[in-house]
Amino acid sequence: MQQTFEIVVIGGGPAGIAAAVAASQSSKRVAVLDDNPRVGGQIWRGGPGLAQPKAAARWFYQLETANVRVFNGARVIHADASARTLQAETTREIFPIGYQNLILATGARELFLPFPGWTLPNVMGAGGFQALVKSGLPIAGKRVVVAGTGPLLLAVAAYLCDHGANVARICEQASSSSLAAFALRMLAFPGKLREALSLRYKSRFAKYATQSWPVSAHGKISLESITISESGRLREIPCDYLACAFHLIPNTELPRMLGCHLNQEAFVETDELQQTLHQGIYCAGEPTGIGGVELSTIEGRIAGHAAANDKRAAAKLFPARARYRKLAAAMKQAFRLRPELATLAKPDTFLCRCEDVTLHQVRQHNSWKSAKLHTRCGMGPCQGRICGAAANFLFGWNIESARPPVFPARCESLAAISSLTSSLTTETEPPQFHGGFQ
Amino acid sequence: MPENVTVYVNDLPVTVPTGATVAVAVMLSSNVCRTSVSGEPRAPLCAMGACFECRVEINEVRHLRSCQVACEPQMKIKVGR
Ligand SMILES: Cc1cc2nc3c(=O)[nH]c(=O)nc-3n(C[C@H](O)[C@H](O)[C@H](O)COP(=O)(O)OP(=O)(O)OC[C@H]3O[C@@H](n4cnc5c(N)ncnc54)[C@H](O)[C@@H]3O)c2cc1C
Ligand code: FES
């Protein structure tokens, strides 16, 4: 039997937790669905079980004591705005959930840039590498280079140093002048500034280089060294791991499936109550613009109150949101990716890692659609999550709208979806998950 | 709960802390999860379920993302396919 809630939140990161807690202050029935074994999202990954910052502990406590039904390990694979139902998948079952109001808090993932050697084992996303270490990968004494841009670099480097890694370099692609300008604007956020200084103190033995980025990675079976460009000079650094952090990109597959409108920068458009152009569908956190954990929680609270029809409580949070949006804008300006980063891949560098399609092959086409059709780029199991985002950065291509399911799902899930929705029969292209896997 | 779990990666025992994902066990042993279409060794990239580079066979079920599955005692993991 289908369970129905007055308010359903998709995503149990900071935005989703805050939204659910705020919404539950009404007497409405609230549920949260998250695809990880525990709530917490990217930054508080691992949930209440792990040592977490104070703010996280407070939110976990509030969620536990609130009247909210939490579905862990439940991935929403389909959403139907007209029927107001979702399909969620766990390792054991597929089940429908009905809603009256929906809050999308699906967060973000890392952007990966192709360069020669980026497919070598041990070249990873910085956030992903940190997650593996959190989950038990020992790194004491390992040589690590952390490269990319923005505050995540320092956060990851500090974490790795704390766990005994030998961080050989922190490569920040931005110039020292944009960092200086950013530091000035940070003076208005003493808390954030203190946080940054403390992260740098923890990683003080690692050299921090500006105007620096990876050019190529080398190794026979796995990573052995990388070549970086540092203030215009090339330098080779031996290392066991390369952790890359070139910005986050929003998870907008579900919002797009629901027909939510995206703005020019491909973020979900909302009004001041975080409501999308669809009545009753709200969006909060990274999908509306990359802004960090504080902005995500504020937006989540606004969406939660608004969905529970408490506009006054929502409006009280507008000034705080405006303040953190300013910080987000300053961050975006200071850490804008330089155009050189779009020229690192060579003609024989694989752009699509699922199907091993080279940059040269993809470049023969003038749109993502044409490249997909003729080269199988983006047709593998990642469904273009990695190569589509890279192609967008490299060529400015628009990556088409999402078709159900949001992720390669199991056969049973597909059957359940198609029996529930008639509109799918003509549009759905089956995902490449049986024979398509290598 | 015991502190460690032992699993088998291509029949070789690997011991990891309780709660570690299968991706960690693979990185501690063979370091390679799968072989790409053109024969390259591949290992985790995103560790958050998006890239599918970490897929392996677990207890005879193929194509599972090792970064999304926690190690359980005696799990049999096959890599390099
Ligand atoms: C890999 C990574 C590492 C990071 N590390 C740090 C760090 O160390 N320090 C720092 O300050 N910031 C870090 N950040 C940034 C930080 O994640 C954000 O500032 C903050 O977590 C945003 O909160 P959110 O709730 O908007 O999104 P998220 O935290 O991303 O939460 C979204 C949640 O929704 C879930 N979800 C998405 N789609 C579905 C679906 N279809 N069905 C069910 N659930 C779904 C996701 O699994 C996730 O749990 C990191 C980001 C990433 C991507
Ligand atoms: S490492 Fe990307 S899906 Fe597991």
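Each chain has its residues counted from 1, following the order in which its sequence is written. Chain labels run from A onward and ligand labels from 1 onward, assigned in the order the entries are written. Under the rules for a predicted model, residues below a pLDDT of 70 receive no local features and side-chain atom pairs below 80 are neither given nor counted, while totals for whole chains, interfaces and linings still include all residues. Side-chain numbers here rest on the full set of heavy atoms in the structure, without hydrogens or water.

1. Let's talk about the overall build of chain A
The condition is simple: Numbered from the N terminus, helices here are DSSP runs of H or I no shorter than four residues, and strands are runs of E no shorter than two. Using a 1.4 Å probe on the protein chains alone, a residue whose accessible area is under 20% of its type maximum counts as buried, one over 50% counts as exposed, and one in between counts as partly exposed. Accessible surface area values rest on a Shrake-Rupley calculation with a 1.4 Å probe, where residue burial reflects the displayed protein chains alone. Counted charges follow a simple rule, with Lys and Arg positive, Asp and Glu negative, and His plus the chain ends left uncounted. Where a charge lies is defined by one atom per residue type, namely NZ (Lys), CZ (Arg), CG (Asp) and CD (Glu).
Broken down by element type, chain A carries 15 helices and 19 strands. Counting only C-alpha atoms and orienting by the principal axes, one finds that chain A spans roughly 60 × 50 × 40 Å. Expressed as a percentage of its 438 residues, the buried residues of chain A come to 57%. Approximately 18,900 Å² of chain A is accessible, and the part contributed by carbon and sulfur atoms is 53%. Computing the positive centroid from 46 side-chain charges and the negative centroid from 32, chain A places the two 6 Å apart.

2. Looking at the interface of chain A and chain B
How big an interface is tends to be expressed through the accessible area that disappears when the partners come together. The condition that has to hold: Contacts were defined at the residue level, with two residues in contact if any of their heavy atoms lie within 4.5 Å. Here the buried area means the combined drop in accessible surface, using a 1.4 Å probe, for two parts upon being joined, counting both sides. A pairing counts as a salt bridge when a side-chain nitrogen of Lys or Arg comes within 4 Å of a carboxyl oxygen of Asp or Glu. Polar contacts, as counted here, are pairs of nitrogen or oxygen atoms within 3.5 Å of one another; within protein the pair requires one atom able to donate a hydrogen and one able to accept it, and residues that are adjacent in sequence qualify only if both atoms are side-chain atoms. Three residue categories are used. Nonpolar comprises Ala, Val, Leu, Ile, Met, Phe, Trp, Tyr, Cys and Pro, charged comprises Asp, Glu, Lys and Arg, and polar comprises the others, including Gly.
With 37 residues of chain A at the contact, the number on the chain B side is 33 residues. For the pair chain A and chain B, the summed buried surface comes to about 2,900 Å²; carbon and sulfur atoms form 60% of the total. At the boundary of chain A and chain B, one finds two salt bridges. Arg353(A) is the salt-bridge partner of Glu53(B), the closest N and O atoms lying 2.5 Å from each other. For the interface between chain A and chain B, the tally reads nine residue pairs in polar contact (both at pLDDT 80 or more). Broken down by class, the residue content of the side of chain A that touches chain B amounts to 20 nonpolar, ten polar and seven charged.

3. Focus on the sheet that holds strand β13 (residues 225-230) of chain A
As a general point, the strands of a sheet are linked pairwise by backbone hydrogen bonds and lie either parallel or antiparallel. Residues and elements named next belong to chain A. Worth spelling out the cut-off: Only when DSSP finds a minimum of two bridges between them are two strands counted as paired. Comment: axis = line fitted to C-alpha atoms, over the contacting stretch for helices; angle = value between 0 and 180 degrees taken between N-to-C directions.
Taking strand neighbours across the sheet as the criterion, the three strands line up as β12-β13-β14 in an open arrangement whose pairing is antiparallel. Only two strands of the sheet have a single partner each, and these edge strands are β12 (212-218) and β14 (233-238). Ignoring which end each strand starts from, the neighbouring axes of this sheet average 25 degrees apart.

4. Examining the domain arrangement of chain A
All names here are of chain A. Our working definition: By convention here, the domain bounds are inherited from an automatic or database domain assignment.
You can read the domains of chain A as domain 1 (3-108 + 249-332), domain 2 (123-246) and domain 3 (340-395). On a C-alpha basis, the centroid separation for the pair domain 1 and domain 2 is 30 Å. Counting residues at the interface gives eight residues for domain 1, matched by ten residues for domain 2. Here domain 1 meets domain 2 over a buried area of about 860 Å², counting both sides, of which 69% is carbon and sulfur. Taken as a group, Arg323, Leu327 and Ala330 account for 47% of the area that domain 1 buries against domain 2, more than any other trio of residues on that side. Where domain 1 touches domain 2, the interface holds one salt bridge. Residues Lys192 and Glu294 are paired through a salt bridge, measuring 3.0 Å at the closest nitrogen-oxygen approach.

5. What to know about empty space enclosed by the protein
All names here are of chain B. Note the cut-off: Here a cavity denotes grid points, spaced 1 Å and computed from the protein atoms alone, that fit a 1.4 Å probe unable to get out, and a pocket denotes an open set having protein on both sides within 12 Å along at least 5 of 7 lines; residues with an atom within 4 Å of a point are the lining. Grid points are joined across faces, edges and corners, and a volume is the space filled by probe spheres set on the points.
This model, assessed by the stated rule, comprises three cavities of 30 Å³ or more. Computed from the structure, the largest cavity encloses a volume of approximately 80 Å³. Among the elements that line the lining of the largest cavity, the one with the most residues is strand β5 (residues 55-58), at three residues. In the lining of the largest cavity, the residues fall into two nonpolar, three polar and five charged. When its volume is computed, the second largest cavity comes out at roughly 50 Å³.

6. Topic: the environment of Asn263(A)
Summarising the element assignment, Asn263(A) is placed in the loop between α7 (253-257) and β17 (281-283). Linking Asn263(A) and Ser82(A), residues 181 residues apart in sequence, is a C-alpha distance of 22 Å.

7. Some words on the site of ligand 1
Residues and elements named next belong to chain A. Condition: When we say a residue is near a molecule or strand, we mean one of its heavy atoms is within 4 Å of it.
The environment of ligand 1 is made up of 32 residues, and the closest members are Ala15, Asp34, Asp35, Gln42 and Val76. Between an oxygen atom of ligand 1 and a side-chain N or O atom of Asp34, the distance comes to 2.7 Å. Burial of ligand 1 by the protein amounts to 90% of the accessible area it has alone, namely 980 Å². Of all the elements in the fold, those that place two or more residues in the shell around ligand 1 are α1 (14-24), β4 (75-80), β7 (108-110), α3 (126-134) and α8 (292-307).

8. Side note on the nonpolar core
Residue and element names in this part refer to chain A. In plain terms, the rule: Buried Ala, Val, Leu, Ile, Met, Phe, Trp, Tyr and Cys residues that are joined via side-chain atoms within 4.5 Å together make up what is termed a nonpolar core.
Judged by nonpolar contacts, the single largest core of 49 residues is most densely connected at Phe115, Val145, Leu223, Ile226 and Leu242. It is helix α13 (residues 387-395) that provides the largest number of residues to this core, a total of five residues. Residue contributions to this core reach at least three from each of two domains, namely domain 2 (123-246) and domain 3 (340-395). Those residues within four positions of Ile226 in sequence are excluded, and the remaining contacts are Val145, Pro214, Ser216, Ala217, His218, Arg235, Glu236, Ile237, Cys239 and Leu242.

9. Some thoughts on helix α10 (residues 318-334) of chain A
All names here are of chain A. The criterion, for reference: Take the number of residues in a helix, subtract one, and multiply by 1.5 Å to get its expected span.
Spanning 17 residues, α10 covers 25 Å between terminal C-alpha atoms, matching the ideal 24 Å at 1.5 Å per step. Inspection of α10 places Phe318, Arg321, Tyr324, Leu327, Ala328, Ala330, Met331 and Ala334 among the buried residues, and these make up the whole buried set. Where α10 is buried, its residues meet α4 (151-162), α5 (176-186), α6 (190-202), α8 and α9 (311-315).

10. Describing the packing of aromatic side chains
Residue and element names in this part refer to chain A. Going by this rule: Here is the rule: rings of Phe, Tyr and Trp (six-membered ring for Trp) pair when centre to centre is within 6.5 Å. Planes less than 30 degrees apart are stacked, more than 60 are edge-to-face, and the remainder are tilted.
Taken as a whole, this structure holds seven aromatic pairs over all chains when the rule is applied. Judged by centre distance (5.8 Å) and plane angle (45 degrees), the rings of Phe189 and Tyr324 are tilted. Residue Phe189 is found in the loop between α5 and α6, and its partner Tyr324 is found in helix α10; the two are separated by 135 residues along the sequence. Given the relative accessible area of 7%, Phe189 is considered buried.

11. Let's talk about the packing of α1(A) against α8(A)
Residue and element names in this part refer to chain A. Filter applied, for reference: Here roughly perpendicular refers to angles of 65 to 115 degrees, roughly parallel to angles under 35, roughly antiparallel to angles over 145, and oblique to all remaining angles. Helix crossings fall into two classes, left-handed where the near helix is turned counterclockwise from the far one by less than a right angle and right-handed where it is turned clockwise.
Where α1 contacts α8, the axes come no closer than 7 Å and their chain directions differ by 30 degrees. One element, α1, and the other, α8, form an angle in the roughly parallel class. Note on packing geometry: the crossing formed by α1 with α8 is right-handed. Contacts between α1 and α8 involve Pro14, Ala15, Ala18, Ala19, Ala22 and Ala23 from the former and Val293, Ser296, Thr297, Gly300, Arg301, Gly304 and His305 from the latter. The residue makeup of the contact of α1 with α8, split by class, is seven nonpolar, five polar and one charged.

12. With respect to the side chain of Arg55(B)
Residue and element names in this part refer to chain B. By secondary structure assignment, the location of Arg55 is in strand β5. No salt bridge is formed by the buried Arg55. Its closest oppositely charged neighbour is Glu53, at 5.2 Å. There is a polar contact of 2.6 Å between the side chain of Arg55 and the backbone oxygen of Phe52.

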